[in-house]
Amino acid sequence: MTASFQPKIARDLPVQDQTAQNQVPPLTNYNLFLGDRTLAKAIVREGAAWAREQISELGQLLGTDEAQRWGFDANENTPVLHTHDRYGNRRDEVVFHPSWHSLMKTSVENRLHSLPWIEQRKGANVARAALMMLTAQNEAGHTCPISMTFSAVAALRAEPGLARQWEPRILSSVYDPRFAPAEEKAGVLVGMGMTEKQGGSDVRANTTRAERMGGSREYLITGHKWFCSAPMCDAFLILAHSAKGLSCFLLPRWTPTGERNKFHIQRLKEKLGNRSNASSEVEFAQAWAHLIGEEGRGVQTIIEMVNHTRLDCAIAAAALMRQALVQAVHHASHRRVFGKLLIEQPLMRNVLADLAIESEAATLLMVRLAASFDARQTDERERAFCRIATAIAKYWLCKRARVHVSEALECLGGNGYVEESMMPRLYREAPLYSIWEGSGNVICLDVLRALAKEPAAAEALLHELKSATGADKRLDTFILKIADELSDKARSSSLQDYGATEFAARRLTEGLALALQASLVVRHSSPELAEAFIASRLDGQHGQSFGTLPSEADVNSVLEGII
Ligand SMILES: Cc1cc2nc3c(=O)[nH]c(=O)nc-3n(C[C@H](O)[C@H](O)[C@H](O)COP(=O)(O)OP(=O)(O)OC[C@H]3O[C@@H](n4cnc5c(N)ncnc54)[C@H](O)[C@@H]3O)c2cc1C
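Conventions and cut-offs
- Residues numbered from 1 in each chain as written.
- Predicted model: local features only at pLDDT ≥ 70, side-chain atom pairs only at ≥ 80, totals over all residues.
- Heavy atoms only, no water.
- Helix = DSSP H or I, 4+ residues; strand = E, 2+ residues; numbered from the N terminus.
- Rg over C-alpha atoms; globule rule 2.2 N^0.38 Å.
- Buried < 20%, exposed > 50% of the residue type's maximum accessible area, 1.4 Å probe, protein only.
- Contact = heavy atoms within 4.5 Å.
- Areas by Shrake-Rupley, 256 points an atom, 1.4 Å probe, with all protein chains shown as cover.
- Lys, Arg positive; Asp, Glu negative; His and termini not counted.
- Charge placed at Lys NZ, Arg CZ, Asp CG, Glu CD.
- Phe/Tyr/Trp six-rings, centres within 6.5 Å; stacked < 30°, edge-to-face > 60°.
- Lys NZ or Arg CZ within 6 Å of the ring centre and 35° of its normal.
- Core = buried A, V, L, I, M, F, W, Y, C linked by side-chain atoms within 4.5 Å.
- Pairing = 2+ DSSP bridges.
- Axes fitted to C-alpha atoms, helices over the stretch in contact; angles between N-to-C directions.
- Parallel < 35°, antiparallel > 145°, perpendicular 65-115°, else oblique.
- Nonpolar A, V, L, I, M, F, W, Y, C, P; charged D, E, K, R; others polar.
- Salt bridge = Lys/Arg side-chain N within 4 Å of Asp/Glu carboxyl O.
- Near = heavy atom within 4 Å.
- Polar contact = N/O pair within 3.5 Å; in protein donor to acceptor, adjacent residues only side chain to side chain.
- Arc of directions from axis to C-beta.
- Disulfide = S-S within 2.5 Å.
- Expected span 1.5 Å × (residues − 1).

**Student:** Quick question: what am I supposed to make of the overall build of the chain here?
**Tutor:** The helix and strand inventory of the chain stands at 20 helices and 11 strands. Against the compact-globule benchmark of 24 Å for 563 residues, the chain has a radius of gyration of 26 Å, which places it among compact chains. By its C-alpha atoms, the chain is 95 × 85 × 45 Å across when sized along the principal axes. When each of the 563 residues of the chain is scored for burial, the buried share is 59%. For the chain, long-range pairs separated by at least 24 residues make up 72% of all intrachain contacts whose partners lie at least 6 apart in sequence. Here the chain displays about 24,200 Å² of accessible surface, and carbon together with sulfur accounts for 52% of that area. Side chains of the chain give 64 positive and 66 negative charges; the mean places of these two sets differ by 2 Å.

Put into structure tokens, the structure is as follows:
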């Protein structure tokens, strides 16, 4: 009898150690605010120190494992549209994952949708910007309805009677997600519908019609919107053509008589990112709406809302850059390659320092813009500055966020390409802010419009830049060049040389943004960071990608205490 073959059983094999080696610990249970020295200093400087405790508490909460999970879950379990009920009646409801509601509840309770409207203290917009900056780092998708609700108040006030009726619920700190008439709810949300199939930037091409009901300010709306985000909001500010032209309306989900308004959600968009948020296509079939402001001047009315959402795009872009930087630095501080920590490798130090400079300059510009939203209420120059700085910051920060996040993702190597790292979510979110609320070109044309139509805007911008002169000769020269260019623009607009001016609008806006950022870093950043910013961004000592700082740059100083 031959001996039967005896396979070696697993327990005889040497046990392989299953502990993952050289992997980075999760970045959790940290305070998003306390680690951000730039933001912490900025809120004190801009008069929002009174909100420090709340901002810090939110920063702590958002760094917990639980709050981070909300962000992942809300994006993995995307909203579901129910067009009809089981009997075939229209339902038009979107159902969200519980994590979405946790995110919304936290933001509403922290008054991200209302703070500057209810808090009369100086610095209210800065305090809110800081809260928003932290929140968007954890989960940016849900900040869409938060931002629209906040911004809607600015336009709604053009119709004082309607504002009196709606504001108490809009500004309430209670998150009430029930689909019910506004009068029955403790808190409501407001969205916006401008973009149609045939045009988003050119809203004059809107085909949606508004028919007046008798002699009142009530109308019936017929038409569609091609992009209507957060369709579970309780009401929307929309544009439609009435007899006198394009007008702005408040269109609620329920009519004043307590019936479902004829607001039909056709489908939800399958989007690149921003997946926790529902963006829909809607049809209005004689939906009830109330006029806001002067009939025929809808764009002028809704632009007040748009200016606030543009501020929020700048905040979100700064937030994405900050979170991407934090993740990259955290990873590089723990991962070893070729016998050293990544953060000790000279070339990685160049990349990280370059990302840190960009992020700090973005935060400073965003906070300065938010401060101008506060100051413009009593200061004419700040009002003019706010007008042009909104467009400049919206354009530039949104443009920079895309490339910044992409480079930060690469710092994590393959792990950065994996969903669990959060980097793919930041990466997919980043292009959105440049499209929303005026895409890149449209915003640059808006900069031209401000320069041509509001001489005070150019003056206020130059005043701001000149307040930083004397600190650095290269900056002084750059500002002089900008001043020349602006007076050229004033001349060329009077000569109607618009084609050439438009062609160069991105170049101009980019220059204005860099000058503004440089003027902020020389005043508020460390001398080492300011030097590296000016050398690389203004003085040509930089390549086309991140990680090309000149060898003189003091990266040790720039990389100190990022988290
Ligand atoms: C996820 C998501 C959610 C959205 N949610 C909403 C919402 O809730 N409500 C809403 O109203 N809209 C919403 N939008 C729509 C968004 O605001 C528009 O997509 C945007 O304004 C651009 O309009 P458009 O898509 O029609 O592009 P177009 O207007 O066709 O523009 C296409 C490109 O041409 C450029 N362009 C336009 N005019 C000029 C010009 N004169 N010179 C040079 N270039 C020009 C633009 O910059 C853009 O890059 C959403 C979009 C997305 C992606």
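Picking up after the structure, the text goes on.
**Student:** Could you clarify how one ought to interpret the side chain of His 330 in this entry?
**Tutor:** The residue His 330 is located in helix H9 (residues 298-334) in this model. Note on His 330: relative accessible area 10%, which makes it buried. Every residue in contact with His 330, bar those within four places of it in the chain, is listed here: Val 24, Pro 25, Pro 26, Leu 27 and Ile 563.

**Student:** Could you clarify how one ought to interpret the packing of aromatic side chains in this entry?
**Tutor:** Where two aromatic rings form a pair, the distance of their centres and the angle of their planes describe that pair. Evaluation of the coordinates by the stated rule reveals seven aromatic pairs. Geometrically, the ring pair formed by Phe 96 and Trp 100 is stacked, given 4.6 Å between the ring centres and 15° between the ring planes. In this structure Phe 96 comes out as buried when scored by relative accessible area, which is 11%. On the basis of an interplanar angle of 55° and a centroid distance of 5.1 Å, the ring pair of Phe 179 and Trp 254 is categorised as tilted. Of this pair, Phe 179 sits in the loop between helix H8 (160-170) and strand E3 (190-193) while Trp 254 sits in the loop between strand E7 (245-252) and strand E8 (263-268); the two residues are 75 residues apart in sequence, bridging distant segments of the chain. By relative accessible area, Trp 254 is classed as buried at 16%. In this structure, Lys 269 packs its charged tip against the face of Trp 226, placed 3.3 Å from the ring centre. The residue whose ring lies beneath Arg 425 is Phe 72, and the NZ or CZ to ring-centre distance is 4.7 Å.

**Student:** Would you take a moment to explain the nonpolar core for this structure?
**Tutor:** Proteins that are soluble and globular tend to have nonpolar side chains buried together. Grouped together as the largest cluster of nonpolar side chains are 193 residues, with contacts concentrated most on Ile 221 and Leu 237. Among the elements that take part in this core, H9 stands out by supplying 19 residues, more than any other.

**Student:** I would appreciate a short explanation of the pairing of strand E2 (residues 90-95) in the present structure.
**Tutor:** Walk down a regular strand and you will see the side chains alternate between the two sheet faces. Sheet analysis places strand E1 (residues 80-84) next to E2, joined by four bridges and oriented antiparallel. If you follow His 84 over to E2, its bridge partner there is Arg 90. Between E1 and the antiparallel strand that follows it, E2, lie five residues; Gly 88 among them carries a positive phi value of about 95°.

**Student:** Would you explain the packing of helix H14 (residues 440-453) against helix H18 (residues 505-524) in this entry?
**Tutor:** The axes of two packed helices give the description: the angle between them and the distance between them. Where H14 contacts H18, the axes come no closer than 9 Å and their chain directions differ by 75°. Taken together, H14 and H18 sit at an angle that is classed as roughly perpendicular. Residues Gly 440, Asn 441, Cys 444, Leu 445, Val 447, Leu 448 and Leu 451 of H14 pack against Ala 505, Arg 506, Leu 508, Thr 509 and Leu 512 of H18. Of the residues in the contact of H14 with H18, the class split is eight nonpolar, three polar and one charged.

**Student:** It is not clear to me how the pattern of salt bridges should be interpreted in this structure. Could you clarify?
**Tutor:** Opposite charge on two side chains permits pairing when their charged atoms draw close. Under the definition given, this model contains 34 salt bridges. Within the structure, one salt-bridge network assembled from shared partners comprises Arg 310, Glu 380, Arg 383, Arg 387, Asp 446, Arg 449 and Glu 454.

**Student:** Is there a simple way to explain unusual backbone geometry in this structure?
**Tutor:** For residues that are not glycine, phi is negative in most cases, and the peptide bond is trans in most cases. One non-glycine residue with positive phi stands out, namely Asp 92, at about 55°. Of note, Asp 92 is situated in strand E2. A positive phi angle is found at Gln 286, which is not glycine, with a value near 60°. Positionally, Gln 286 belongs in strand E9 (residues 279-292).

**Student:** What is the right way to look at the pairing of E7 in this model?
**Tutor:** The element E7 is extensively covered by neighbouring structure, given that eight of its eight residues are classed as buried. Bridge count between strand E6 (residues 235-242) and E7: eight bridges; the pairing is antiparallel. Within E7, the position partnered with Leu 239 by the bridge is Cys 248. Remark: two residues form the turn of the hairpin made by E6 and E7, two consecutive strands paired antiparallel.

**Student:** Honestly, the site of the ligand in this entry has me stumped. Any pointers?
**Tutor:** Within the structure, the ligand sits among 20 residues, and Met 194, Thr 195, Gly 200, Ser 201 and Ser 229 are positioned closest to it. One nitrogen or oxygen atom from the main chain of Met 194 is found 2.7 Å from an oxygen atom belonging to the ligand. One nitrogen or oxygen atom from the side chain of Asn 441 is found 3.0 Å from a nitrogen atom belonging to the ligand. When the ligand is considered free in solution it has 970 Å² of accessible area, and contact with the protein chains removes 66% of it. Here the residues of the shell around the ligand sort into nine nonpolar, nine polar and two charged.

**Student:** Please clarify how helix H2 (residues 52-62) should be interpreted in this entry.
**Tutor:** A turn of α-helix holds 3.6 residues, and therefore any two residues three or four places apart point the same way. Among all positions of H2, only Ile 55, Ser 56, Leu 58, Gly 59 and Leu 62 are buried. Buried residues of H2, seen end-on, are gathered within an arc of 160° and therefore sit on one face of the element. Of the residues in H2, the exposed ones pointing more than 90 degrees away from the buried face are Glu 53 and Glu 57.

**Student:** What is the right way to look at the side chain of Glu 429 in this model?
**Tutor:** By the element assignment, Glu 429 lies in helix H12 (residues 423-429). Arg 428 provides the closest opposite charge to the buried, salt-bridge-free Glu 429, at an N-O distance of 7.2 Å. At 2.8 Å, the side chain of Glu 429 and the side chain of Tyr 433 are in polar contact. Not counting the four nearest positions on each side in its chain, Glu 429 is found in contact with Ala 140, Gly 141, Gly 273, Asn 274 and Leu 320.

**Student:** So what exactly am I meant to see when it comes to the state of the cysteines here?
**Tutor:** Simply put, disulfide is the name for a covalent bond between the sulfur atoms of two cysteines. Tallied over the entire structure, the rule returns zero disulfides. Cys 386 forms no disulfide, and the closest cysteine sulfur to it belongs to Cys 313, at a distance of 14 Å. Distance from the sulfur of Cys 444, which forms no disulfide, to the nearest cysteine sulfur (Cys 398) is 11 Å. What makes Cys 444 buried here is its relative accessible area of 1%.

**Student:** Explain helix H7 (residues 143-156) to me, please; I cannot follow it from the model alone.
**Tutor:** In this model H7 runs 20 Å from its N-terminal to its C-terminal C-alpha over 14 residues, within 8% of the 20 Å that 1.5 Å per residue would give. Among the 14 residues of H7, 14 are classified as buried, and the element is accordingly described as predominantly covered.

**Student:** Looking at this structure, how should I read the environment of Asn 307?
**Tutor:** Structurally, Asn 307 can be placed in helix H9. Given a relative accessible area of 18%, Asn 307 falls into the buried group. Through-space distance from the C-alpha of Asn 307 to that of Lys 394 is 9.8 Å; in sequence the pair is 87 residues apart.

These values are about where atoms sit, not about what they do.
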